[in-house]
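Each chain, letter by letter, is given below.
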Amino acid sequence: MPCLLRPAVLNQSSFMGCLMLEEYTEWQQSWVSNEILRDNIIKARDMTIENCLSHVGLFFFVKHGVKVGAARRFVRDIGLWVKRRGEVTCSENTSNSV
């Protein structure tokens, strides 16, 4: 996928979309300990919400002050997060039905 943040999970301007964006941001932050990187992940999240964005390119974040590494991570990893989130949801549903 090119440098676009476009999965349907973040393609919503609804309350649920915001909750999922918050969950994604927390997941992103769980992988880093550097406070500057953590702050830039929050900045990317805030820009996404404030600008009602659903298709975000890497350069949009950089142009608006997010450090390149944090912007790249925020855009690049969305597909991985969606996949892992789906795997967790499926395993939770399986264990609940037993």
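This structure is a prediction, so every number in the text was calculated from the model and none was measured. (Residues numbered from 1 in each chain as written. Predicted model: local features only at pLDDT ≥ 70, side-chain atom pairs only at ≥ 80, totals over all residues. Heavy atoms only, no water.)

So, the packing of helix α2 (residues 35-50) against helix α4 (residues 68-76)
Piece 1. With their axes 9 Å apart at the nearest point, α2 and α4 run at an angle of 55° to one another. The angle between α2 and α4 falls in the class oblique. As for the relative orientation of α2 and α4, their crossing is right-handed in sense. Each of L37, N40, I41, A44, R45 and T48 in α2 lies in contact with α4, whose residues at this interface are G69, A70, R73 and F74. (Axes fitted to C-alpha atoms, helices over the stretch in contact; angles between N-to-C directions. Helix = DSSP H or I, 4+ residues; strand = E, 2+ residues; numbered from the N terminus. Parallel < 35°, antiparallel > 145°, perpendicular 65-115°, else oblique. Left-handed = near helix turned anticlockwise from the far one by under 90°. Contact = heavy atoms within 4.5 Å.)

Topic: the confidence of the model for the protein chain
Piece 1. Per-residue pLDDT for the protein chain averages 77, and the proportion of residues at 70 or more is 69%.
Piece 2. Between residues 1-13, whose pLDDT stays under 50, and residues either more than four places distant or in other chains, the model counts 34 contacts. (pLDDT = per-residue confidence, 0-100.)

Some remarks on α2
Piece 1. Here α2 is 16 residues long and its end C-alpha atoms lie 22 Å apart, about the 22 Å a rise of 1.5 Å per residue gives.
Piece 2. Listed in full, the buried residues belonging to α2 are N40, I41, A44, R45, M47 and T48. What you see down the axis of α2 is that its buried residues fit within an arc of 160°, all on one side. Residues I36 and E50 are exposed on α2 and point more than 90 degrees away from its buried face.
Piece 3. The residue sitting at the N-terminus of α2 and contributing the capping side-chain oxygen is N34; that oxygen lies 2.8 Å from the backbone nitrogen of I36.
Piece 4. Note on α2: the residue one or two positions beyond its end, C52, has a positive phi of about 50°. (Expected span 1.5 Å × (residues − 1). Buried < 20%, exposed > 50% of the residue type's maximum accessible area, 1.4 Å probe, protein only. Arc of directions from axis to C-beta. Polar contact = N/O pair within 3.5 Å; in protein donor to acceptor, adjacent residues only side chain to side chain.)

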